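# Architecture at a glance
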Amino acid sequence: MGRSSDDTLLKCDVAVIGAGTAGLVAERHARKAGAKTLLIDPEFRGTTCAAVGCMPSKLLIAAADAAHGITQASQLGIDATAQVDGPAVMKRVQRHRDRLVESTKAQIRKLPDGVCVKARAKFSGPNTLDLDNGQRVHARAVIIATGAAPTVPDAFSGLGDRLLTNENVFDLEELPTSLGVVGAGPVGLEIAQAMSRLGVDVTVVDHGNSIAALSDPAVANRLHDILSDEFPICLGVDAKTVPAEDKVKLSWQGDSSGEALVSHVFLAVGRPANLEDLNLAKANLKLDDHGTPVFDRKTMQCGDAPIFIAGDANHDRPLLHEAADEGAVAGHNAAKWPDVARSRRKTPLSIVFTRPTAASVGKVPFDAEADMLVGSTDFENQGRATIECRAHGGIRLYAEKGGSRLSGAEMCLPDAEHLAHLLCWAIESGMTVSQLLDSPFYHPTLEEGLKPALRDLCEALQESTPWDRADGHIPGC
Ligand SMILES: Cc1cc2nc3c(=O)[nH]c(=O)nc-3n(C[C@H](O)[C@H](O)[C@H](O)COP(=O)(O)OP(=O)(O)OC[C@H]3O[C@@H](n4cnc5c(N)ncnc54)[C@H](O)[C@@H]3O)c2cc1C
Ligand SMILES: NC(=O)c1ccc[n+]([C@@H]2O[C@H](COP(=O)([O-])OP(=O)(O)OC[C@H]3O[C@@H](n4cnc5c(N)ncnc54)[C@H](O)[C@@H]3O)[C@@H](O)[C@H]2O)c1
């Protein structure tokens, strides 16, 4: 690391702002490409994913799955009652979360001396940063990897510790008695269903008309119907919260109206990128309508500046695997700047861990029938799902008109994460719909449930199915 005669000035090849998943990967790749690096973060808290995101939410869902399994057991002739010990559930969430956070922090401690700088950074020029500890940084290239944070509109402030977001919900010592969830996106729905299955009285409200960030209304409506059997989800409504003694009154108006007295409100109305405090004006970058630097998705470079942006900070695909890949590309290219390389972006894949699980793969149209050819099937009678008392949901497959390859899929069905991966890999390898249909399917599996949708799409594409394969319902299945 270069230190100038001015002790407050740090010099490096690549300065990375933010030590989350994208930033940590970016720093590693920049160093691997030969750069002297600085990694700047005010907290080094061990990533959003481990501390307040993917992992603690899945820990809560794991407990909810266990409780739900017991309540469903009577359908299989097993007599059992679920006794949820809220404090024990939360202690387990926290124990495993803390272990994950600690292992990330241990990796950070192993970074070479002088790489980590504990401070908040903002631009003072395209190559210079001011840090809130009084130091300044001069870098050949800068990577913005500042992530995103939950927004709290004014209308919901003033609730004190009755207001929860993903930043504090996993720190609760006990489960709430009742929960109003504002926002039916991935964050809101995962928490809503987990809490509901753990015995919390949950009400969800959203001002939009879709849920779980699904694009195809047919899939979103299906998921809405299924989840509404477990807890109310009021869409197309404006929500208000007012403190009411030791509770909160949540009221909503619009496509429906109502109110609920809840012990806590969980706010999940979106996670804007952490860009506001970066003084981007000094970086001379072109910004889009949302104030995000315009960048190239294949190089992560912002215009032709020596500045790169990765992870939730660019709000493009705010998912963990994308943050990691974008970090790698940004790190490599920042080190090699101005000699930047173009990467191949992967097929989009997103999974929301509700039950049934929702997933989107590849190109998913907003208006399916108008834009693309569709093949669909539902899972209400799917063999394996029925055996296991979880026959819910359905799948829609998409192909370009005049094409033969699978382009995308959207679904809500049991364990959709696995089918979503298979379909994503099929799209990546350019498989046609009939090649997929002609692949082996074991019996009795959830994968078999895909066959009617593939057949349906083959018909829409006017592709004949192979003569030497069973052409539909297999007797006995
Ligand atoms: C509840 C929840 C559940 C999720 N579940 C999933 C899931 O199941 N699967 C999935 O793929 N994705 C999931 N996500 C999304 C996933 O967590 C994010 O996409 C990912 O963690 C983003 O990583 P990042 O590196 O961009 O940001 P972060 O990990 O948030 O890192 C950003 C860093 O920048 C630092 N920073 C901010 N401003 C400055 C500044 N001015 N100077 C210096 N440092 C700064 C912050 O301190 C932070 O350390 C979930 C998110 C949430 C909230
Ligand atoms: N399983 C996963 O992979 C997973 C899980 C959680 C989060 N994430 C990531 O985090 C990102 C953020 O998720 P999110 O759910 O916080 O945001 P989101 O933007 O996806 O959803 C926010 C929801 O809140 C609603 N909303 C906005 N303002 C509102 C208001 N004032 N009143 C009522 N409703 C309002 C919107 O209509 C929308 O449905 C996602 O895009 C996803 O990439 C992923």
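These lines cover the structure that appears in this document, whether it is placed above or below. (Residues numbered from 1 in each chain as written. Chains lettered and ligands numbered in written order. Predicted model: local features only at pLDDT ≥ 70, side-chain atom pairs only at ≥ 80, totals over all residues. Heavy atoms only, no water.)

Here we take up the site of ligand 1. Inspection of the region around ligand 1 gives 33 residues, with A22, D41, T48, K58 and D312 positioned closest. The backbone of A22 places a nitrogen or oxygen atom 2.8 Å from an oxygen atom of ligand 1. D41 has a polar side-chain atom sitting 2.6 Å from an oxygen atom of ligand 1. Considering ligand 1 on its own, with 1,000 Å² of exposed area, one finds that the protein chains cover 91% of that surface. Elements with a minimum of two residues in the shell around ligand 1: helix 1 (21-32), strand 3 (37-41), helix 2 (48-52), helix 3 (54-72) and helix 7 (320-336). (Near = heavy atom within 4 Å. Polar contact = N/O pair within 3.5 Å; in protein donor to acceptor, adjacent residues only side chain to side chain. Areas by Shrake-Rupley, 256 points an atom, 1.4 Å probe, with all protein chains shown as cover. Helix = DSSP H or I, 4+ residues; strand = E, 2+ residues; numbered from the N terminus.)

Let's shift gears to the packing of helix 1 against helix 7. Running from N to C, helix 1 and helix 7 cross one another at 35 degrees; their axes reach a closest spacing of 7 Å. When the axes of helix 1 and helix 7 are compared, the crossing they make is right-handed. Where helix 1 abuts helix 7, its residues T21, A22, V25, A26, H29 and A30 lie against L320, A323, A324, G327, A328, G331, H332 and A335. Per-class residue counts for the contact of helix 1 with helix 7 are nine nonpolar, five polar and no charged. (Axes fitted to C-alpha atoms, helices over the stretch in contact; angles between N-to-C directions. Left-handed = near helix turned anticlockwise from the far one by under 90°. Contact = heavy atoms within 4.5 Å. Nonpolar A, V, L, I, M, F, W, Y, C, P; charged D, E, K, R; others polar.)

Below, the discussion takes up empty space enclosed by the protein. Take a probe with the size of a water molecule and roll it over the atoms, and the empty space left behind shows itself. If you walk through the whole model with that rule in mind, you get one cavity of 30 Å³ or more. Of the volumes computed, that of the largest cavity is approximately 40 Å³. Lining the largest cavity we find I61, A64, D65, E190, Q193, A194, R197, F353 and R355. Grouping the constituent residues of the lining of the largest cavity by class yields four nonpolar, one polar and four charged. (1 Å grid on protein atoms, 1.4 Å probe; cavity = no way out; pocket = protein on both sides within 12 Å on 5 of 7 lines; lining within 4 Å. Points joined across faces, edges and corners; volume = space filled by probe spheres on them.)

Side chains of a nonpolar character, in soluble globular proteins, are inclined to be buried together. In terms of nonpolar packing, the biggest core is built from 52 residues, with I40, F123, L129, V137, I143 and I144 touching the most fellow members. Those elements giving two or more residues to this core turn out to be strand 2 (9-17), helix 1, strand 3, strand 5 (121-125), strand 6 (128-131), strand 7 (136-144), strand 16 (307-309) and helix 7. Here I40 is in contact with A15, V16, I17, G18, A19, V117, A119, A121, L129, L131 and V137, once residues within four sequence places are set aside. Grouped together as the second largest cluster of nonpolar side chains are 45 residues, L59, I191, V219 and M372 included. (Core = buried A, V, L, I, M, F, W, Y, C linked by side-chain atoms within 4.5 Å. Buried < 20%, exposed > 50% of the residue type's maximum accessible area, 1.4 Å probe, protein only.)

We now examine the site of ligand 2. In the neighbourhood of ligand 2, 18 residues make up the surrounding shell, with V187, E190, D206, P318 and I351 lying closest. Here a nitrogen atom of ligand 2 sits 2.8 Å away from a polar atom, N or O, in the side chain of E190. Within the side chain of D206, a nitrogen or oxygen atom sits 2.6 Å from an oxygen atom of ligand 2. Out of a free accessible area of 850 Å², ligand 2 has 74% covered by protein chains. At the level of elements, helix 5 (186-197) and strand 17 (349-352) are the ones that each hand at least two residues to the shell around ligand 2.

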